[in-house]
Amino acid sequence: MTHTDILTAAGLTELQLTGGTLSVTTPIDGSEIAQLKMHSVAEAQAQIAAANDAFQAWRSVPAPRRGELVRLLGNELRAQKETLGRLVTLECGKIYQEGLGEVQEMIDICDFAVGLSRQLYGLTIASERPGHSMRETWHPMGVCGVITAFNFPVAPWCWNAALALVCGDPVIWKPSEKTPLTALAVQKICDKVMAEFGEDAPKGLIQTLIGERDLGQTLTASKDVAIVSATGSVPMGRAVAGDVAARLGRSILEPGGNNAMIVAPSADLEMALRAIVFSAVGTAGQRCTTLRRLIVHADVYDQLIPRLKAAYASLPIGDPLDEGALVGPLIDADAMMAMDRALEQAKAEGGTVHGGKQVLTDNHGAAAYVAPAIVEMPEQSAIMHHETFAPILYVVQYDDLDQAVAMQNAVPQGLSSCIFSTDVRETETFLSAVGSDCGIANVNIGPSGAEIGGAFGGEKETGGGRESGSDAWKGYMRRQTNTVNYSRELPLAQGIKFDI
Ligand code: UN1
């Protein structure tokens, strides 16, 4: 399939793809595939107004009926899984299997949200007063702005949108300016699904803003956007958090990760090896959950690391649309330069670099293909505290578990973490209050590739937000405490006497 075929199959028309000033390139060969028209700030404001109108109606549609819209969305995504998966690959460069995986993640969260639409449960609470009842109810919150990053151009939107929609909230999506085409294709799917759903889906329920940072800032600054959910870099997270906090709005943040794996002496090294390679080089090292720091016990270091280097040496790097490739390109030349700079700093801090060079320079135009790097470090130095969005795996040794856990927790980020060990004392310690400080902590599984059923997010500079499964839906609703007096008296709480 040519690049044009992929765009056409995803329903994108000539009219949509031309005539604008936002140049979209594919990382596969660096060529331009579209010139999109960008929304203006005034249009963003009009979308916010339309979304608020939609909210007036949508909040009163019964939640299970709202779930029906998300069920239709999931069905349409199933039908278009291959075309959308291929577009994800074309636009962000992850291999086709991972493009498909991302669409599957959208389908999974839709299924989850459909069930959830009948389970937006509150509590009943024992009242201290006779003839009184207390309960907690959950109500729709308002417009939800969703800001997403290039590396997962569609799934994080869906984690947010599927929940927000069943919770009664309209959604406005500001995708990364590097990956707006997948957003356009998904918006088209949503338009079709809303038409099929009928009148209950108000105009302005699901919208997309194509353009640059000023549009995201319009969302974060507007008091009419009740919730802003943002995925991206730490500086971006700080900016969003600041803007939203300044107006006392609600934000759900997932900026950055710097994830580690501890390999203990009892680890199944065969399993660890496979998990390391997938989580360190998958999506060319450009996942928030990518494995960046490998902390290996001194007793198994010499068994594991030579095998890891051999596995890296035989990794098929190439066009991510080719089924044989396991490593695609980086998003652009800037990413490759950031990788080079990090490797230089690692060397200056005493590291020994294996791999990490640009490859496939002959026949792939301006693309940024690199050989994933393993960097053996004498200790966890400054560069290892920094998230570089590229396939760099730093490796250090440890002697006892406390030291390994301290190293794992010493970085500013706190998204994902894992231990490979068959010793229950070690694994339970790792998962305990004195273990990993991350939002995600796994045993005998890599740090990436989370299922949608759990809450997704992390601590410290990862922002503290939770999206996706478990009770993350509560972030999209407002909680109300209700006390009802069904007696003929008016007793005050805390036994206060106040007779008039
Ligand atoms: C991200 O990198 O922003 O756990 C999201 C994972 C995927 C999501 C990653 N399910 O790796």
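Source: prediction; values computed, not measured. (Residues numbered from 1 in each chain as written. Predicted model: local features only at pLDDT ≥ 70, side-chain atom pairs only at ≥ 80, totals over all residues.)

### Some details on the overall build of the protein chain
In terms of helices and strands, the protein chain carries 15 helices and 23 strands. By the compact-globule yardstick of 23 Å for 500 residues, the protein chain fits well, its C-alpha radius of gyration being 24 Å. Reported as C-alpha extents along the three principal axes, the dimensions of the protein chain are approximately 80 × 60 × 35 Å. Here the protein chain, with 500 residues, has 51% of them falling under the buried criterion. (Helix = DSSP H or I, 4+ residues; strand = E, 2+ residues; numbered from the N terminus. Rg over C-alpha atoms; globule rule 2.2 N^0.38 Å. Buried ≥ 20, exposed ≤ 12 C-beta atoms within 10 Å, placed from the backbone.)

### Looking at the environment of S279
With respect to the helices, strands and loops of the structure, S279 is situated in helix 11 (residues 269-281). Overall, S279 belongs to the buried group, with 27 C-beta atoms counted inside 10 Å. Separated by 197 residues in the primary sequence, S279 and Y476 place their C-alpha atoms 30 Å from one another. Apart from residues lying up to four places away in sequence, S279 is in contact with T290, L291, G446, P447 and S448. (Contact = placed C-beta atoms within 7 Å.)

### Observations concerning the sheet that holds strand 12 (residues 352-354)
Pairing within the open sheet is mixed, and its 7 strands lie in the order 12-15-16-11-10-18-19. If you trace the sheet from one side to the other, it starts and ends with strand 12 and strand 19 (440-443), each paired once. Taken over all neighbouring pairs, the strand axes of this sheet differ in orientation by 20 degrees on average, direction set aside. The pairing of strand 15 (residues 373-376) with strand 16 (residues 392-398) spans 4 bridges and is classified as parallel. (Pairing = 2+ DSSP bridges. Axes fitted to C-alpha atoms, helices over the stretch in contact; angles between N-to-C directions.)

### A few points about the domain arrangement of the protein chain
Taken domain by domain, the protein chain comprises domain 1 (3-255 + 463-481) and domain 2 (259-443). Of the residues lining the interface, 16 residues belong to domain 1; the matching set on domain 2 comes to 22 residues. Those elements that provide at least two residues to the side of domain 1 that touches domain 2 are helix 5 (81-92) and helix 6 (96-116). Looking at side-chain class alone, the side of domain 1 that touches domain 2 contains 6 nonpolar, 5 polar and 5 charged residues. (Domains from an automatic or database assignment. Nonpolar A, V, L, I, M, F, W, Y, C, P; charged D, E, K, R; others polar.)

### Side note on the UniProt feature "domain: Aldehyde dehydrogenase" (unreviewed entry) in the protein chain
UniProt annotation of "domain: Aldehyde dehydrogenase" (unreviewed entry) refers to residues 20-481 when read in the numbering used here. Secondary structure content for residues 20-481 is 40% helix and 21% strand, while the C-alpha to C-alpha distance between its ends is 49 Å. (UniProt positions renumbered as here; feature names shortened; annotations may be inferred.)

### Things to note about the site of the ligand
In the vicinity of the ligand, the residues found are E105, N151, F152, P156, T231, R287, C288, T289, S448, G449 and A450. When the residues that make up the shell around the ligand are grouped by side-chain class, the tally is 4 nonpolar, 5 polar and 2 charged. Both domains that meet at the shell around the ligand, namely domain 1 (3-255 + 463-481) and domain 2 (259-443), each give it at least three residues. (Near = placed C-beta within 6 Å.)

### Here we look at the sheet that holds strand 3 (residues 124-125)
Within a sheet, neighbouring strands are paired by backbone hydrogen bonds and run either parallel or antiparallel to one another. The 3 strands are arranged 3-4-23 in an open sheet whose pairing can be described as antiparallel. Strands with a single pairing partner mark the edges of an open sheet, and in this sheet they are strand 3 and strand 23 (477-485). Across 9 bridges, the pairing between strand 4 (residues 132-140) and strand 23 is antiparallel. Note on strand 23: the bridge partner recorded for E136 is T481.

### With respect to helix 4 (residues 63-79)
In a regular helix each residue adds 1.5 Å, so 17 residues correspond to 24 Å; helix 4 covers 25 Å between its end C-alpha atoms and thus fits that length. Those residues of helix 4 that are buried lie in contact with helix 5, helix 6, helix 7 (155-167) and helix 8 (180-197). (Expected span 1.5 Å × (residues − 1).)

### With respect to the pairing of strand 6 (residues 171-174)
The alternating pattern of strand 6 places V171 and W173 and I172 and K174 on opposite faces, both of which are buried. Each parallel crossover has a hand, and the one from strand 5 (residues 144-147) via helix 7 to strand 6 is right-handed. The pairing of strand 6 with strand 7 (residues 206-208) spans 3 bridges and is parallel. Paired with I172 across the strands is Q207, a residue of strand 7. Running through helix 8, the crossover from strand 6 to the neighbouring parallel element strand 7 is right-handed. (Right-handed = clockwise from strand over helix to strand, strands pointing away.)

### Notes on the nonpolar core
Counting 144 residues, the largest nonpolar core has C110 and A162 as the members making the most contacts within it. Take this core: its biggest share by element is 11 residues, from helix 7. Both domain 1 (3-255 + 463-481) and domain 2 (259-443) contribute no fewer than three residues apiece to this core. Residue contacts for A162: discarding those within four places in its chain leaves V70, I109, C110 and A113. (Core = buried A, V, L, I, M, F, W, Y, C linked by C-beta atoms within 7 Å.)

### Description of the environment of L393
Assignment of secondary structure puts L393 in strand 16. Separated by 100 residues in the primary sequence, L393 and R293 have C-alpha atoms spaced 5.8 Å apart. Discounting residues that sit within four places of it in the chain, L393 has contacts with A280, L291, R292, L294, A373, I374 and V375.

### Side note on helix 13 (residues 333-348)
An ideal rise of 1.5 Å per residue puts 22 Å on 16 residues; helix 13 measures up with 23 Å between its terminal C-alpha atoms. Inspection of helix 13 places A335, M339, A342, L343 and A346 among the buried residues, and these make up the whole buried set. For helix 13, the angular spread of the buried residues around the axis is 100 degrees, confining them to a single face. Facing away from the buried side of helix 13, by more than 90 degrees, are the exposed residues D334 and A348. Buried-residue contacts for helix 13 involve strand 12, strand 14 (369-370), strand 15 and strand 16. Once helix 13 ends, the next one or two residues include G350, with phi positive near 100 degrees. (Arc of directions from axis to C-beta.)

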